[in-house]
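These are the residues of each chain, in order.
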Amino acid sequence: MRNYNLKDVAKATAQNKFTAISLFSGVGGGCLGIKLAGGKILAVNEFIEEAQRVYKINFPDIPIIPNDIRELSGNDILEVAGIKKGELDLLAGSPPCSSFSSAGLRDEGWGKEKKYSDKKQRTDDLFYEFARVLTEIQPKYFIAENVKGLTEGASKSILGSAQIDMFGQHEDTIYHTLSKAGYKVQYKVLNSLDYGVPQSRNRLIIVGVRNDIDFTYKFPLPETRIYTTLEEAFKNVKNTPEDILEADISKYAVYQESLKLKPGSKSDKYFSLVKQSPKRYSDCLTQTAGTLSAASIVHWDDRKFTAKEAIEIMGFPTDIYLGETYSNKIERLGRAITPIIYQKAISQLIIQ
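What comes next is a walk through the structure. (Residues numbered from 1 in each chain as written. Predicted model: local features only at pLDDT ≥ 70, side-chain atom pairs only at ≥ 80, totals over all residues. Heavy atoms only, no water.)

1. A look at the pairing of strand E2 (residues 39–45)
Step number 1: With respect to burial, E2 is a largely interior element, 6 of its 7 residues being buried.
Step number 2: In this structure, strand E1 (residues 18–23) lies alongside E2, joined through 6 bridges in parallel fashion. Paired with threonine 19 across the strands is lysine 40, a residue of E2.
Step number 3: Handedness of the crossover is the feature at issue here: the chain leaves E1, passes through helix H2 (residues 29–36), returns alongside E2, and the resulting connection is right-handed.
Step number 4: Pairing of E2 with strand E3 (residues 64–65), which is carried by 2 bridges, proceeds in the parallel orientation. Each bridged residue has a counterpart across the sheet, and for asparagine 45 the counterpart in E3 is isoleucine 65. (Buried < 20%, exposed > 50% of the residue type's maximum accessible area, 1.4 Å probe, protein only. Helix = DSSP H or I, 4+ residues; strand = E, 2+ residues; numbered from the N terminus. Pairing = 2+ DSSP bridges. Right-handed = clockwise from strand over helix to strand, strands pointing away.)

Here it is as structure tokens:
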């Protein structure tokens, strides 16, 4: 869905096809996907204060549970949602994932507390907290999201798979922890690019069906190989002079380097600095793109993408509120999942 707004989202969620609770909700990328699939969100959990504030402005009627997930029981969440164990249709969650990121420290950062938005916390164990809450709530289905890096290198031993390890080391993997919660679990890496979003953004999607439900899940197939270009995506974007000014990088070293690059090329000096081409889709938008001095994807006019352009790159509603400052706006988007991925993945579930 392109060039849609929050009223369109409200119409979709009014179908009340299923109930949902979202954990680690952030700005609401996953929640938008749930709503677009026709779901009614009963409650969300979000730990970061700025994300809570932004979420409340966009979705004022949804209760926000602000606690660290480690401090919450399934019963606490069910009480806010007004339902009992086993009644919920869908539990969704996107645990923060810096230790698994392809751009992060991987195993070097394991077990360490890191700055995450406006707080510090350890993030590498949060998938297990998701599994604990899943066990305590027992929804019919769950969907979880994480970075592609969890399927690569040493991180694969943390993710696990359906294949049983002969030494029993599979017992503590994410896959088997979720399975032991009482679910048939599948996972796959999906790229937003395949569903009309003008960005190559790979995300690991994990889906579970409760063992008492006779249903075999199938992931959505790619819908297009004619990819949306940035030129097409920005056709209706109307940047103001203020929008352009807040994306200006001319006083930073990355600007001088950007001037040397042709559209579609990458810097040899700054690994993450990639000048995008209007005739091509975008590379992955990350939260660091909101830091003007940082190397990241940049516009072919040698500036950062404006917030309005970043909204199109992520496939968010055109009137979504993201915060007051440029850095906050882009960080919220850079940490989010594209709504279309959750919408498509959830729509493959048979909500009974």
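2. A look at the layout of surface pockets
Step number 1: Space inside the second largest pocket adds up to approximately 200 Å³.
Step number 2: As for the second largest pocket, its lining consists of Leu6, Val9, Ala10, Thr13, Lys35, Lys40, Ile41, Asn58, Phe59, Pro60, Asp61 and Ile62.
Step number 3: Counting only elements with at least two residues in the lining of the second largest pocket, the list comes to helix H1 (6–13) and E2.
Step number 4: A per-element tally of the lining of the second largest pocket places H1 first, with 4 residues.
Step number 5: In terms of residue class, the lining of the second largest pocket is made up of 7 nonpolar, 2 polar and 3 charged. (1 Å grid on protein atoms, 1.4 Å probe; cavity = no way out; pocket = protein on both sides within 12 Å on 5 of 7 lines; lining within 4 Å. Points joined across faces, edges and corners; volume = space filled by probe spheres on them. Nonpolar A, V, L, I, M, F, W, Y, C, P; charged D, E, K, R; others polar.)

3. Re helix H11 (residues 307–314)
Step number 1: Of all 8 residues in H11, 7 are buried, a share of seventy percent or more.
Step number 2: For H11, the complete set of buried residues consists of Ala307, Glu309, Ala310, Ile311, Glu312, Ile313 and Met314.
Step number 3: Buried residues along H11 sit in contact with helix H8 (230–233), helix H9 (241–246), helix H12 (326–334) and helix H13 (339–347).
Step number 4: Downstream of H11 by a residue or two, glycine 315 has a phi angle that is positive, lying close to 70°. (Contact = heavy atoms within 4.5 Å.)

4. Some points on the packing of aromatic side chains
The description of an aromatic ring pair rests on the distance of the ring centres and on the angle between the ring planes.
Step number 1: What the rule picks out here adds up to 10 aromatic pairs.
Step number 2: For the ring pair tyrosine 175 and tyrosine 187, a centre distance of 6.2 Å and an interplane angle of 75° mean the geometry is edge-to-face. Here tyrosine 175, found in helix H7 (residues 174–180), pairs with tyrosine 187, found in strand E8 (residues 183–191); they are 12 residues apart in sequence, far enough to count as distant.
Step number 3: With a relative accessible area of 12%, tyrosine 175 lands in the buried category.
Step number 4: In textbook terms, an aromatic cluster arises when at least three aromatic residues are bridged by ring pairs, as seen for Phe127, Phe130, Phe142 and Tyr183.
Step number 5: In this structure, arginine 280 is placed above the aromatic ring of tyrosine 281, and the distance from its NZ or CZ to the ring centre is 4.4 Å. (Phe/Tyr/Trp six-rings, centres within 6.5 Å; stacked < 30°, edge-to-face > 60°. Lys NZ or Arg CZ within 6 Å of the ring centre and 35° of its normal.)

Geometric values such as these leave the question of function open.
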